[in-house]
Amino acid sequence: MLNIKELKVKKGDNIILDIDKVYLGENKSIGIWGENGAGKSTLVKCILGIEDYEGVIDINIDKSNVQVIMQSNNYPAYAKVKDVILLILDIKTLDSVMDFIKYIDFETCLEKEIGVLSAGEYQKLNLVLVLSLKPTLLIVDEVTTGLDYSSRNKIIEYIKSYISEFNCGFLIISHYKEELERLTTKTIILDKGHIIDICDSDKISESIGGIMNEAVE
């Protein structure tokens, strides 16, 4: 799905990303892992075309309906949740999305104003909106941040089923090893703007274990 060649991102004299080559042509579910400041969000912004970069990025997948959940998604703070859903999805009632809303225990938030939502509730709203639009490529940044274990597990299972049923391309930034193992086939390990490993996601512990040990030492 994702091919990169000689990618560089510079901010003044600082090199934020310096990636020689990535070829993940047959993998449609890809994770990105790294400590804070590793360059994860910058890489995703390059993929989306909203960050200036040098080099080549090719996504060889249907991009006719790309949906993105970044941590900076914003909606009017004073608007009610149900009104935002109706407006963005251009629907008259919530009937078509109510099953998913109930599945993720989000019904009690429908009358709330956006500004009072917790981080976890905000992510649930994002998921209701983007998954209802049936994306061909879904890109998410820390999708289960702020959620309790039960909600995290439900959302992981739902996304996993969605990817399989609709043959959807999927790219996720995550600090959660479990998310990467369950939702992706390959994981890119970033450190200080460089790729230090591309591993099978079920082997991620072996890759990040070394990084974490070095940090402790």
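Since we're looking at a predicted model, the values are computed, not measured.

Membership of the largest hydrophobic core comes to 44 residues, with the highest contact counts inside it found for I85, I114 and L125. Of the residues forming this core, the biggest block, seven residues, is contributed by helix α4 (residues 119-132). The next biggest cluster of nonpolar side chains, apart from the first, holds 26 residues, and it includes I30, C46, I59 and M70.

For the structure shown, the criterion picks out one cavity of 30 Å³ or more. In this model, the largest cavity occupies a volume close to 40 Å³. What lines the largest cavity is M1, L2, I47, I59, L137, I139 and L171. Partitioned by chemical class, the residues of the lining of the largest cavity number seven nonpolar, no polar and no charged.

Okay, helix α5 (residues 149-166) next. The end-to-end C-alpha distance of α5, which contains 18 residues, comes to 26 Å, matching closely the 26 Å that a straight helix rising 1.5 Å per residue would cover. Among the residues making up α5, those that are buried are S151, R152, I155, I156, I159, Y162 and I163. The buried residues of α5 occupy an angular sector of 130° when the element is viewed end-on, so they sit on one face. Exposed side chains of α5 directed beyond 90 degrees from the buried face belong to Y149, S164 and E165. Of the surrounding elements, those touching the buried residues of α5 are β3 (29-33), α4, β7 (169-173) and α6 (177-183). Two or three places before S150, at the opening of α5, D148 has a side-chain oxygen 3.3 Å from that residue's backbone nitrogen. Positive backbone phi, at 55°, marks N167, one or two positions downstream of α5.

To continue, consider the pairing of strand β2 (residues 14-24). In terms of strand pairing, strand β1 (residues 2-11) meets β2 through nine bridges, oriented antiparallel. Following the sheet pairing, N3 is matched in β2 by Y23. Here β1 folds back onto β2 in antiparallel fashion, the turn holding two residues, of which G12 has a positive phi close to 65°.

Thresholds, definitions, all that
- Residues numbered from 1 in each chain as written.
- Predicted model: local features only at pLDDT ≥ 70, side-chain atom pairs only at ≥ 80, totals over all residues.
- Heavy atoms only, no water.
- Core = buried A, V, L, I, M, F, W, Y, C linked by side-chain atoms within 4.5 Å.
- Buried < 20%, exposed > 50% of the residue type's maximum accessible area, 1.4 Å probe, protein only.
- Helix = DSSP H or I, 4+ residues; strand = E, 2+ residues; numbered from the N terminus.
- 1 Å grid on protein atoms, 1.4 Å probe; cavity = no way out; pocket = protein on both sides within 12 Å on 5 of 7 lines; lining within 4 Å.
- Points joined across faces, edges and corners; volume = space filled by probe spheres on them.
- Nonpolar A, V, L, I, M, F, W, Y, C, P; charged D, E, K, R; others polar.
- Expected span 1.5 Å × (residues − 1).
- Arc of directions from axis to C-beta.
- Contact = heavy atoms within 4.5 Å.
- Polar contact = N/O pair within 3.5 Å; in protein donor to acceptor, adjacent residues only side chain to side chain.
- Pairing = 2+ DSSP bridges.

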